[in-house]
Amino acid sequence: MVARYTTGEKYAGHAETVVAVIAETDTLRARSLRLAEEDAAAFTAVADAYRLPKGEERSAAIARALKGAAEPPARVIEAATRVIELCELLLPIGNRNVVTDVAAAAEAARAALTTARVNVEINLRGIKDERVREELNIRVSGVEAAVARADWVTAEVREEIS
């Protein structure tokens with residue numbers, strides 16, 4: 001929203017950046033909706049795997065399903081991190097009349113980050129493949145830094161409006 005209200009002569013010097021942010025956030029919004037659907041489907045696959053009769057087939061199905069269930073939230077982490085980067089980009093140039101929406105976007109991304117991290121971590125418990133576990137741990141390792149950046153964006157906006 002901030003980018004869409006950061007147009008016209010007053011913002012002409014930032015027009016290229018704003019157009020790029022709008023395009024990217026539209027893509028991120030669509031990706032996030034797909035990830036929500038993929039997450040629901042992955043959870044169903046986990047539930048289905050646990051319903052199988054005990055044995056090697058069930059264990060293999062659970063392992064595959066847990067790996068699959070960790071993927072959508074891991075990709076949410078990537079998308080939410082990018083949203084925070086875009087918030088940082090817009091913060092100094094965005095329309096000051098809607099600057100609080102930069103903080104709102106950062107806070108929404110923050111919530112997505114921490115929720116996605118927990119969802120990856122719960123699936124990690126059942127994943128035995130060390131390579132997969134390591135890859136997923138790497139993908140969640142940047143969450144704290146991204147959360148700190150979201151906190152900074154919000155603090156900057158709060159300082160500006162106080």
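The following refers to the structure shown. (Residues numbered from 1 in each chain as written. Predicted model: local features only at pLDDT ≥ 70, side-chain atom pairs only at ≥ 80, totals over all residues. Heavy atoms only, no water.)

### Some remarks on the nonpolar core
And then number 1: If you look at the biggest cluster of nonpolar residues, it comprises 45 residues, and the most contacted ones within it are Ile77, Leu90, Val102, Leu113, Val120 and Leu136.
And then number 2: Of all the secondary structure elements, the ones that give two or more residues to this core are helix H1 (15–50), helix H2 (56–90), helix H3 (100–124), helix H4 (130–140) and helix H5 (143–161).
And then number 3: In terms of residue count, the dominant contributor to this core is H2 (14 residues).
And then number 4: Sequence-distant contacts of leucine 113, defined by excluding residues within four places in its chain, comprise Ile77, Ala80, Thr81, Ile84, Val143, Ala146 and Val147. (Core = buried A, V, L, I, M, F, W, Y, C linked by side-chain atoms within 4.5 Å. Buried < 20%, exposed > 50% of the residue type's maximum accessible area, 1.4 Å probe, protein only. Helix = DSSP H or I, 4+ residues; strand = E, 2+ residues; numbered from the N terminus. Contact = heavy atoms within 4.5 Å.)

### Quick notes on the environment of aspartate 26
And then number 1: When you line up the elements, aspartate 26 lands in helix H1.
And then number 2: Among the residues examined, aspartate 26 registers a relative accessible area of 29% and is labelled partly exposed.

### Focus on the side chain of threonine 154
And then number 1: Along the chain, threonine 154 turns up in helix H5.
And then number 2: According to the relative accessible area criterion, threonine 154 is buried, its value standing at 13%.
And then number 3: Reaching out from threonine 154, the side chain makes a polar contact with the side chain of glutamate 107 at a distance of 2.6 Å.
And then number 4: Non-local contacts of threonine 154, meaning those with residues more than four positions away in its chain, are made with Ala103, Ala106 and Glu107. (Polar contact = N/O pair within 3.5 Å; in protein donor to acceptor, adjacent residues only side chain to side chain.)

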